[in-house]
Amino acid sequence: MLARHSSVRIVPRYGATTTAAVDGVLDQTTRPLLKDGLLAFAAESPDGLLVDIQHLELADPALVGVFALVALRIGDWPAIPFALVTGRDDQRALLAGQAVPVYPDARSAEAALKRPERRRAGRVPARTSARARGFVRGACDQWQVPELAEDAELIATEFVENVLRHTDSVPRLAMELRRGKLTVEVADESPRQAVVREGLDPIEAGLGLRMVAKVAKTWGSSRCRSGGKTVWAVLRRR
């Protein structure tokens, strides 16, 4: 007899706020699939993400912490509201100790979501790092955060040059100012994630990400559901 493998399925329900309906089984095998899938949905959800888990079987209750992990990561980027939706009392009891809001239906969740005021610019093609720096400088001047311009230019330069060096994509640059935090992000069509290299040669490709890690509050590389990835970094106003 063939072994039966558990699975999870995430079905989008796009609207004012993206809702992902999840069904299947949450266990050790499907946990990373669920986490990565929800993060990919979040990467393309501009205003918020609601996750309907009513039809998800929680085979191992200890694994519900995956939703708190997703919420923590989404809190850094793309910094959107995140909540769970279920009308089941057993699920709500399991999630009571988690740092994730849970609502009985999508309507009440939508009404409760708090969307922070934000300014956003892009997403523009950045075929050269010089063009990226000019775009960043202009946005920082317009938003009156000149003290962040130098670090933001460094980040944009590294992200754009990595795309031009390692992929056939045209980098797409965007910026956002929210609650005193400035985000610089570059999207491309390659699924290859950005990583910090351990080489000692200061001109080796990828070592510039060490500088990004030093100046940014946090940074990361996120897969997008439609393909490709977005590399992002967050700067805090001094």
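The preceding data block contains the structure.
Heads up: these notes are all about the structure in this document. (Residues numbered from 1 in each chain as written. Predicted model: local features only at pLDDT ≥ 70, side-chain atom pairs only at ≥ 80, totals over all residues. Heavy atoms only, no water.)

**Here we look at unusual backbone geometry**
Next up, step 1: In the segment running from Trp 77 into Pro 78, the intervening peptide bond is cis, with an omega of 5°.
Next up, step 2: Locating Pro 78 in the fold gives a position in the loop between helix 2 (65–76) and strand 4 (82–85).
Next up, step 3: Positive phi values are uncommon outside glycine, yet Gln 144 reaches one of about 60°.
Next up, step 4: Following the sequence through the fold, Gln 144 ends up in the loop between helix 5 (129–142) and helix 6 (149–166).
Next up, step 5: The exposed category is assigned to Gln 144, whose relative accessible area is 63%. (Helix = DSSP H or I, 4+ residues; strand = E, 2+ residues; numbered from the N terminus. Buried < 20%, exposed > 50% of the residue type's maximum accessible area, 1.4 Å probe, protein only.)

**What about the sheet that holds strand 9 (residues 218–223)?**
Next up, step 1: Pairing is antiparallel in the open sheet, where five strands are placed in the order 6-7-8-10-9. Of all the strands in the sheet, just strand 6 (118–125) and strand 9 have a single pairing partner and so form its edges. The average angle at which neighbouring strand axes cross in this sheet is 15°, direction not considered.
Next up, step 2: Bridge count between strand 9 and strand 10 (residues 229–236): six bridges; the pairing is antiparallel. Looking across to strand 10, one finds that Ser 221 is bridged to Val 231.
Next up, step 3: On top of the sheet, helix 2 reaches strand 7 (172–178), strand 9 and strand 10; it is set at about 115° to strand 9, its chief contact. (Pairing = 2+ DSSP bridges. Axes fitted to C-alpha atoms, helices over the stretch in contact; angles between N-to-C directions. Contact = heavy atoms within 4.5 Å.)

**What to know about the sheet that holds strand 1 (residues 8–13)**
Next up, step 1: If you walk across this open sheet you meet the five strands as 1-2-3-4-5, and the pairing is mixed. Strands at the two margins of the open sheet, each flanked by one partner only, are strand 1 and strand 5 (102–103).
Next up, step 2: Sheet topology note: the strand 2 (residues 18–26)/strand 3 (residues 49–58) ladder contains eight bridges and is parallel. Looking across to strand 3, one finds that Val 25 is bridged to Glu 57.

**A few points about the packing of helix 1 (residues 31–42) against helix 2**
Next up, step 1: Contact pair helix 1 / helix 2: the axes reach a minimum separation of 10 Å and the direction vectors enclose 30°. Accordingly, the angle class assigned to the pair helix 1 and helix 2 is roughly parallel. Of the two elements, helix 1 crosses helix 2, and the hand of that crossing is right-handed. Here Arg 31, Leu 34, Lys 35, Leu 38, Leu 39 and Ala 42 of helix 1 come into contact with helix 2, specifically with Val 66, Phe 67, Leu 69, Val 70, Arg 73 and Ile 74. (Parallel < 35°, antiparallel > 145°, perpendicular 65-115°, else oblique. Left-handed = near helix turned anticlockwise from the far one by under 90°.)

**A word on the packing of helix 6 against helix 7 (residues 208–215)**
When two helices pack together, their arrangement is given by the angle between their axes and by how far apart the axes lie.
Next up, step 1: The interhelical angle for the contact between helix 6 and helix 7, taken along N-to-C directions, is 150°, at an axis separation of 10 Å. Classified by chirality, the crossing of helix 7 by helix 6 is left-handed. For the pair helix 6 and helix 7, contact is made by Asp 151, Leu 154, Ile 155, Glu 158, Phe 159 and Asn 162 and by Gly 208, Leu 209, Met 211, Val 212 and Val 215, respectively.

**A look at the side chain of Ser 45**
Next up, step 1: Tracing the backbone shows Ser 45 in the loop between helix 1 and strand 3.
Next up, step 2: Within the local environment of Ser 45, its side chain forms a polar contact with the backbone oxygen of Phe 41, the two atoms lying 2.7 Å apart.
Next up, step 3: Each residue touching Ser 45, except ones within four places of it in the same chain, is listed here: Thr 18 and Ile 80. (Polar contact = N/O pair within 3.5 Å; in protein donor to acceptor, adjacent residues only side chain to side chain.)

**Considering the packing of aromatic side chains**
Next up, step 1: For the structure on display, the rule yields one aromatic pair.
Next up, step 2: A ring pair is formed by Trp 77 and Trp 232, whose centres lie 5.7 Å apart and whose planes are at 10°; its orientation type is stacked. Within this pair, whereas Trp 77 is found in the loop between helix 2 and strand 4, its partner Trp 232 is found in strand 10, the two being separated by 155 residues in sequence. (Phe/Tyr/Trp six-rings, centres within 6.5 Å; stacked < 30°, edge-to-face > 60°.)

**Description of the pairing of strand 8 (residues 181–188)**
Next up, step 1: Taking burial as the measure, the eight residues of strand 8 include seven buried ones, the bulk of the element.
Next up, step 2: As defined by bridge partners, strand 7 adjoins strand 8 across seven bridges and the pair is classed as antiparallel. Within the sheet, the bridge partner assigned to Arg 178 lies in strand 8 and is Lys 181.
Next up, step 3: Hairpin connection, strand 7 to strand 8: the antiparallel pair is bridged by two residues, and Arg 179 has positive phi, about 50°.
Next up, step 4: Two elements, strand 8 and strand 10, share eight bridges in a ladder whose sense is antiparallel. Looking across to strand 10, one finds that Ala 187 is bridged to Thr 230.

**Looking at the pattern of salt bridges**
Next up, step 1: One pass over the full model with this rule turns up twelve salt bridges.
Next up, step 2: Across the pair Asp 23 and Arg 9 runs a salt bridge, and its minimum N-O distance is 2.8 Å. Placement of Asp 23 in strand 2 and of Arg 9 in strand 1 is noted, with a sequence separation of 14 residues between them.
Next up, step 3: Among the charged side chains, a network of salt bridges with common partners joins Arg 118, Arg 120, Glu 176 and Glu 185. (Salt bridge = Lys/Arg side-chain N within 4 Å of Asp/Glu carboxyl O.)

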